[in-house]
Amino acid sequence: MVKIGVIGLTGCSGCQCEILNCQDALLKLLSKVEISLFPLAKDDNLEDELDLLFVEGSVSTSLDRDWLLRLRERTKVLVAVGSCACYGGVQAQRNDEVQIEEMVKEVYGSWKLPFEVFKPSPVSEFVKVDYFLPGCPLDKKQFVYTVSFLLNGVKPFFPKIPVCHECKLSENECLLLKGIPCQGPVTYAGCGAPCTSKGVGCQGCRGDCDFPNHEEIISILTKKGLSYEDALKFLKVFRGNTFRVRRVDEKGA
Ligand code: SF4
Ligand code: SF4
Ligand code: SF4
């Protein structure tokens, strides 16, 4: 029986809830896998040898780090799920602007806590990650495909094309033409463009597509009325530690 684990480090548990929301697929999988570890969903958890571990959340404390290192040693394949685990997430968007010590003092009244606090970081800064499933939250279909592929010995692969591709397949009128800020041209598709289909600009929750031209999207956003600084902040919301302005001839994160 294939042994699976699902854990949450620092995050909102939204990705774990999305995994639980794959109800029908999960019920079918239960005949082929044993869910050994899933503290959000069950009481009897075993930190045993695992074939497959899904990790949600950024590494933000020594507790996160130590748990992750311990489980990585016992795990064959590790998948980072959600933008917190893949990029650091929304909690990492100001990592280069704030002093973590000042923030901790502001929130807890003291820097001295029973554990260390770090700048929120992606899981890959601490351990080897075999596959990344970004999104805030992760996409349920991609989770189910990934588990099915891995159970059948196939490497999961999702092309890093831009959200604009899926937006156009949905026959949406481009929001940028209406002056609504949108990160679709530089963001990794796979979500089906649900935001732009509802008239909300893509916020970049899945991180960079391949060859993202940040310079060009910043130029477009400033022509639509955003300041250069606000355009940069907009791009950094979900890209966390991994963000730096790239040109079209550079590969994405
Ligand atoms: S990626 Fe989004 S939904 Fe998932 S844990 Fe982080 S904040 Fe929550
Ligand atoms: S609305 Fe956004 S995602 Fe859709 S085509 Fe325009 S820029 Fe691309
Ligand atoms: S459209 Fe953009 S913000 Fe919305 S789910 Fe897709 S990647 Fe995330």
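Everything discussed here concerns the structure shown above.
These remarks concern the structure in this document.

Rules of the game
- Each chain carries its own residue numbering, running from 1 in the direction its sequence is written.
- Chain labels run from A onward and ligand labels from 1 onward, assigned in the order the entries are written.
- Reporting of local features is limited, given that this is a predicted model, to residues whose pLDDT is at least 70; pairs of side-chain atoms are given and counted only at 80 or more, and all residues count toward the totals for whole chains, interfaces and linings.
- Only hydrogens and water are set aside; all other atoms, that is, all heavy atoms of the structure, feed into the side-chain values.
- Helix and strand labels come from DSSP, where a helix needs a run of H or I of at least four residues and a strand needs a run of E of at least two; each type is numbered from the N terminus.
- For a compact globule the rule gives 2.2 Å times the number of residues to the power 0.38, and the radius of gyration it is set against comes from C-alpha atoms.
- Burial classes follow relative accessibility: with a 1.4 Å probe on protein chains only, a residue under 20% of its type's maximum area counts as buried, one over 50% as exposed, and anything between as partly exposed.
- Note on contacts: a residue pair qualifies if any of its non-hydrogen atoms lie within 4.5 Å across the two residues.
- Note on areas: Shrake-Rupley with a 1.4 Å probe; residue coverage comes only from the protein chains shown.
- Note on charges: Lys and Arg go in the positive column, Asp and Glu in the negative column, and His and the chain ends are not counted at all.
- Positions of charges follow a simple convention, taking NZ of Lys, CZ of Arg, CG of Asp or CD of Glu.
- A fitted line through C-alpha atoms serves as each axis, taken over the contacting stretch for helices, and the angle formed by two N-to-C directions is quoted from 0 to 180°.
- Convention used here: angles under 35 degrees read as roughly parallel, angles over 145 as roughly antiparallel, angles from 65 to 115 as roughly perpendicular, and any remaining angle as oblique.
- Crossings are sorted by hand: turned counterclockwise from the far helix by less than a right angle, the near helix makes the crossing left-handed, and turned clockwise it makes it right-handed.
- Grouping buried Ala, Val, Leu, Ile, Met, Phe, Trp, Tyr and Cys residues that are joined through side-chain atoms within 4.5 Å yields what is termed a nonpolar core.
- Strand pairing follows a simple DSSP-based rule, namely that at least 2 bridges must link the two strands.
- Each residue is tested against the molecule or strand, and it is near if at least one of its non-hydrogen atoms lies within 4 Å.
- Under the convention adopted here, Pro, Cys and the residues Ala, Val, Leu, Ile, Met, Phe, Trp and Tyr are nonpolar, Asp, Glu, Lys and Arg are charged, and Gly plus all remaining residues are polar.
- Only one rule defines a salt bridge in this text: a Lys or Arg side-chain nitrogen within 4 Å of an Asp or Glu carboxyl oxygen.

### Notes on the overall build of the protein chain
Part 1: For the protein chain, the count of helices and strands is 10 helices and 7 strands.
Part 2: Relative to a compact globule of 253 residues, whose C-alpha radius of gyration would be 18 Å, the protein chain shows 19 Å and is just as compact.
Part 3: Principal-axis analysis of the C-alpha atoms gives the protein chain an extent of 55 × 50 × 30 Å.
Part 4: Buried residues in the protein chain amount to 43% of all 253 residues.
Part 5: For the protein chain, contacts bridging at least 24 residues in sequence account for 73% of all contacts bridging at least 6.
Part 6: Put simply, the protein chain shows about 12,800 Å² of open surface, and 56% of that area lies on carbon and sulfur atoms.
Part 7: Positive and negative side-chain charges of the protein chain, numbering 31 and 33 respectively, have mean locations separated by a distance of 3 Å.

### A closer look at the packing of helix H9 (residues 214-223) against helix H10 (residues 228-239)
Part 1: Following both chains from N to C, one finds H9 and H10 inclined at 130 degrees, their axes separated by 9 Å at the closest point. Here H9 lies oblique to H10, going by the angle between them. Our pair here, H9 against H10, has a crossing hand that is right-handed. Contacts between H9 and H10 involve His214, Ile217, Ile218, Leu221 and Thr222 from the first element and Tyr228, Ala231, Leu232, Phe234, Leu235 and Arg239 from the second.

### Observations concerning the nonpolar core
Part 1: Membership of the largest hydrophobic core comes to 39 residues, with the highest contact counts inside it found for Phe54 and Val123.
Part 2: Looking at which element gives the most residues to this core, the answer is strand S3 (residues 50-56), with 5 residues.
Part 3: For Val123, the contacting residues outside a window of four places in its chain are Leu9, Val55, Gly57, Val59, Leu68, Leu78, Ala85 and Val129.
Part 4: Counting residues in hydrophobic clusters, the runner-up holds 15 residues, among them Leu176, Cys182, Ala189 and Leu221.

### Observations regarding the sheet that holds strand S5 (residues 75-81)
Part 1: What the 5 strands build is an open sheet, ordered S2-S1-S3-S5-S7; its pairing is parallel. The two strands at the open ends of the sheet, each matched to only one other strand, are strand S2 (33-37) and strand S7 (131-133). On average, each strand axis in the sheet is tilted by 25 degrees relative to the strand beside it, whichever way the strands run.
Part 2: As defined by bridge partners, S3 adjoins S5 across 6 bridges and the pair is classed as parallel. Each residue of the ladder has a partner; that of Leu50, found in S5, is Thr75.
Part 3: Contacts from helix H3 (residues 62-73) reach strand S1 (2-8), S2, S3 and S5 within the one sheet, and its direction differs from that of S5 by about 140 degrees.

### Points about the site of ligand 1
Part 1: By nearness alone, every residue bordering ligand 1 is listed as Gly11, Cys12, Gly14, Cys15, Glu56, Gly82, Ser83, Cys84, Gly135, Cys136 and Pro137.
Part 2: Sorting the residues of the shell around ligand 1 by element identifies helix H1 (14-20) and helix H4 (82-87) as the ones contributing at least two each.
Part 3: The element that contributes the greatest number of residues to the shell around ligand 1 is H4, accounting for 3 residues.
Part 4: Residue composition of the shell around ligand 1, by class: 5 nonpolar, 5 polar and 1 charged.

### What to know about the site of ligand 3
Part 1: Neighbouring ligand 3 are Val163, Thr187, Cys191, Pro194, Cys195, Cys202, Gln203, Gly204, Cys205 and Arg206.
Part 2: When grouped by side-chain class, the residues that make up the shell around ligand 3 number 6 nonpolar, 3 polar and 1 charged.

### Points about the environment of Cys167
Part 1: Mapped onto the fold, Cys167 is located in helix H7 (residues 163-169).
Part 2: With relative accessibility at 9%, the residue Cys167 sits in the buried group.
Part 3: Each C-alpha atom of the pair Cys167 and Leu232 lies 23 Å from the other, and the pair is 65 residues apart in sequence.
Part 4: Leaving out residues up to four positions away in the same chain, Cys167 has contacts with Asn172, Ala193 and Thr196.

### What about the pattern of salt bridges?
Part 1: The full count for this structure, using the stated rule, is 15 salt bridges.
Part 2: Two residues, Glu47 and Arg70, come together in a salt bridge whose shortest N-O distance is 3.1 Å. Placement of the pair is Glu47 in the loop between S2 and S3 and Arg70 in helix H3, with a sequence separation of 23 residues.
Part 3: On the basis of relative accessibility, which here comes to 33%, the residue Glu47 falls in the partly exposed class.

### A closer look at the environment of Gly153
Part 1: Looking at the element boundaries, Gly153 is found in the loop between helix H6 (140-151) and H7.
Part 2: According to the relative accessible area criterion, Gly153 is exposed, its value standing at 70%.
Part 3: Sequence separation between Gly153 and Pro39 is 114 residues; the distance between their C-alpha atoms is 27 Å.

Take it as geometry only, folks, not as evidence of what the structure does.
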